[in-house]
Amino acid sequence: VKAVVLDPRNDFNVDQTLTKKDVQNLIQLCVTRLLDTTNPSLSTIKMQVYFDMNYANRAELLSEQHRVLEGRLAPVVRDITDSHPHVQEIESVYQKIVSYVLLSSGLGSPTDIEVVREVTAGLQSVFPQREMITFISLSKKNKEQQLKSLAKLVTGIRLYNKECGKGGSSIDDLPAILNESIPSATQTVDERLNTCHRLAHQYTALLESMQEDQHRYTQLSSFKLKEALFNVRQYEAFLCILLSDAITSAQEVEKMNVQFAATMEQLKNIVQNKVSIDTKEVFPLFVALSNLWSGFQNEILLLSFLTNMTNSLQQFSEIQSQLFPEEVLTSLLEGVTVKSDEERIRETMGTRVNVSDFKNQEWLFPETTDNFDQLLIQYHGFCAHAIAVKGLTLPGNPAIGILKHKERCYVFSSKEAAYIFAQDPDKFIQLNVEKAKEHAELILLLELYHQFEYLALYKQARNAGKYLMKPTTKCDSSTQTDTHILPPTIVTSYEWNEWELRRKAIKLANLCRKLTHAMQTDLSHMRRENATQVYLPKDASTQTKRDNSSNVPRPQIFLEGLRGGSSPTTHMVKVDLTRPVDEN
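Calculation criteria
- Residues numbered from 1 in each chain as written.
- Predicted model: local features only at pLDDT ≥ 70, side-chain atom pairs only at ≥ 80, totals over all residues.
- Heavy atoms only, no water.
- Pairing = 2+ DSSP bridges.
- Helix = DSSP H or I, 4+ residues; strand = E, 2+ residues; numbered from the N terminus.
- Axes fitted to C-alpha atoms, helices over the stretch in contact; angles between N-to-C directions.
- 1 Å grid on protein atoms, 1.4 Å probe; cavity = no way out; pocket = protein on both sides within 12 Å on 5 of 7 lines; lining within 4 Å.
- Points joined across faces, edges and corners; volume = space filled by probe spheres on them.
- Nonpolar A, V, L, I, M, F, W, Y, C, P; charged D, E, K, R; others polar.
- Domains from an automatic or database assignment.
- Buried < 20%, exposed > 50% of the residue type's maximum accessible area, 1.4 Å probe, protein only.
- Arc of directions from axis to C-beta.
- Contact = heavy atoms within 4.5 Å.
- Buried area = accessible area lost by both parts, 1.4 Å probe.
- Salt bridge = Lys/Arg side-chain N within 4 Å of Asp/Glu carboxyl O.
- Polar contact = N/O pair within 3.5 Å; in protein donor to acceptor, adjacent residues only side chain to side chain.

Our focus in this paragraph is the sheet that holds strand E1 (residues 362–364). Spatially, three strands are ordered E1-E3-E4 in an open sheet, and the strand pairing comes out antiparallel. With partners counted over all chains shown, the strands left at the sheet margins are E1 and strand E4 (408–410), one partner each. Adjacent strand axes in the sheet meet at a mean angle of 35 degrees, parallel and antiparallel pairs treated alike. Judged from the three bridges that link them, strand E3 (residues 402–405) and E4 form a sheet pairing that is antiparallel. Across the sheet, the residue bridging to Lys 404 is Cys 409, located in E4.

Once rolled over the atoms, a probe with the size of a water molecule shows which space is left empty. Roughly 1,100 Å³ of internal volume is contained in the second largest pocket. Elements represented by at least two residues in the lining of the second largest pocket include exactly helix H4 (58–81), helix H5 (90–105), helix H8 (140–164) and helix H12 (279–313). Top element by residues in the lining of the second largest pocket is H4. It accounts for 11 residues. Here the lining of the second largest pocket is composed, by residue class, of 15 nonpolar, 14 polar and seven charged. Both domains that furnish three or more residues to the lining of the second largest pocket are identified here as domain 1 (83–164) and domain 2 (174–333).

Further remarks concern helix H17 (residues 415–423). Among the residues of H17, Ala 417, Ala 418, Phe 421 and Ala 422 are the ones counted as buried. In a view along the axis of H17, the buried residues occupy a sector of 125 degrees, so they form one face of it. Exposed positions of H17 whose direction lies more than 90 degrees from the buried face are Glu 416 and Gln 423. Of the surrounding secondary structure, the elements contacted by the buried residues of H17 are E1, helix H16 (384–389), E3, E4 and helix H18 (425–438).

Another aspect to go through is the side chain of Thr 44. Following the sequence through the fold, Thr 44 ends up in helix H3 (residues 40–54). With near-sequence residues (within four places) excluded, Thr 44 lies in contact with Glu 227, Phe 230, Asn 231, Gln 234 and Glu 441.

According to the domain assignment, the protein chain consists of domain 1 (83–164), domain 2 (174–333) and domain 3 (341–473). Residue-level contacts link 12 residues of domain 2 with 17 residues of domain 3. Summed over both sides, the interface between domain 2 and domain 3 buries roughly 1,300 Å², with carbon and sulfur atoms accounting for 53% of that surface. The largest per-residue losses of area from domain 2 upon contact with domain 3 belong to Glu 208, Phe 230 and Arg 233, which jointly make up 42% of the total buried on that side. One can count two salt bridges joining domain 2 with domain 3. Here Arg 233 ties to Asp 341 by a salt bridge, and the two come within 3.1 Å at their closest N and O atoms. Counting the contacts that link domain 2 with domain 3 gives seven residue pairs in polar contact (both at pLDDT 80 or more).

With that settled, consider the environment of Gly 350. Relative to the helices and strands, Gly 350 resides in the loop between helix H15 (341–347) and E1. With 180 residues separating them along the chain, Gly 350 and Ser 170 place their C-alpha atoms 61 Å apart.

Written out as structure tokens, the structure is:
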């Protein structure tokens, strides 16, 4: 409904409430479109919805499988861990443990007596029934952990016995099955992918001839070539995802085959017909064998899923053979040169955008950008100019230069297309949006999630930005961060507990009434630790110099009678002749 309303050819105004007549018209258009079984556009949308609803990557699929397996085993685990049996019921609980080990390993049927006996024998070799009393006393969590450990040990023992020819008749040879099935599945996807490539190249050549020759346009206008091209390109994109998953599975199986063979050989070298073996040596190897076998089982599940998806997607491309039978397509291609995507890219490998021709545009090249091969290219890697102008999905060549505009990257099929697009990117981006409104299947094919968030399928929109790799231009830079930008604001003396505050208050109140006494003797005063605190010397100076002088009188004393006199009775007389200073 939203796709029909968005289509500008239907003249719906999305900003106004639809009238009753508009609603009837909308219903009629939707029904007509749904019943048009000859339109590849409808098949493409069905394909997109089917893939979105059913596809899951490796991690999601294995996680779901693990959840389902745990759900099936949950009742058995509950019966074992929640029970507190009496002595006569211990054997019954032991049989439940045997069932759990068998079901969790997935190796054989619980109704096969020979398989049950084999599992019981393996369990008794590592967990005799006499140890059930200890097991019962464990906590529920420890019981569950021991159950998982026992399941892995018994599975490893059964796999080793199968390798030695002493059992394991009900265990399928998963490595051999995978080594045969994965190449077959990969070949099937490859063949269908090659068919998609061939049809896409032929449809593109016909559409280009229509735009170059008016006579060809009149001849081919009745065919829905664009819709058929979009259908093939979408089928091609989904097959590439499945092929990538199949290649990943092949690599994982090859790695596990080597590890399994090495672990088995190591185990054989340790055992070598010994009567007694150290459990610390062999138990980890049994667990490793079990884990590797679980990996093989996961790959069988993934391979089955990929095969089913490949076969189911085939129905959405059958309309190609109905619209364009081989003889009709051959006649239409007479005189038309068909170029593959690889040929188009090779033709433009020698050309490159001259950055100096653009002032405000940022161009990315392999030698100047990190993660160049992992950049998220807009429009699924198709030429941004060809879609807007011609409505064609031509492969873009990153070697020409990747235009980075508003944090999004765009590639082009030729240097001329890059120059034209770079003159006004927003104009061509809007033209691409208008093309998507006319052909709703382009929204998912070109990954226009940010322009049509309300129309993007749930999984596609959720994963749109998951693998976004932002381009990193090479440069030298440095940075420094302060250890503590702000001073600490923690109040260490704060107490929230009222009783703690009361305890401190009582302590302080008691201290006020206490006296401290100390004494020491001549023998002990050098033994105690003393501490003295003084003020450090400070730099200070004074100046009191003063110039002054003083003068004193010069003493002069005259003594009379020192030389004698005429009379013997003459006495000596002392006369002070000193004069004051101010008279000098």
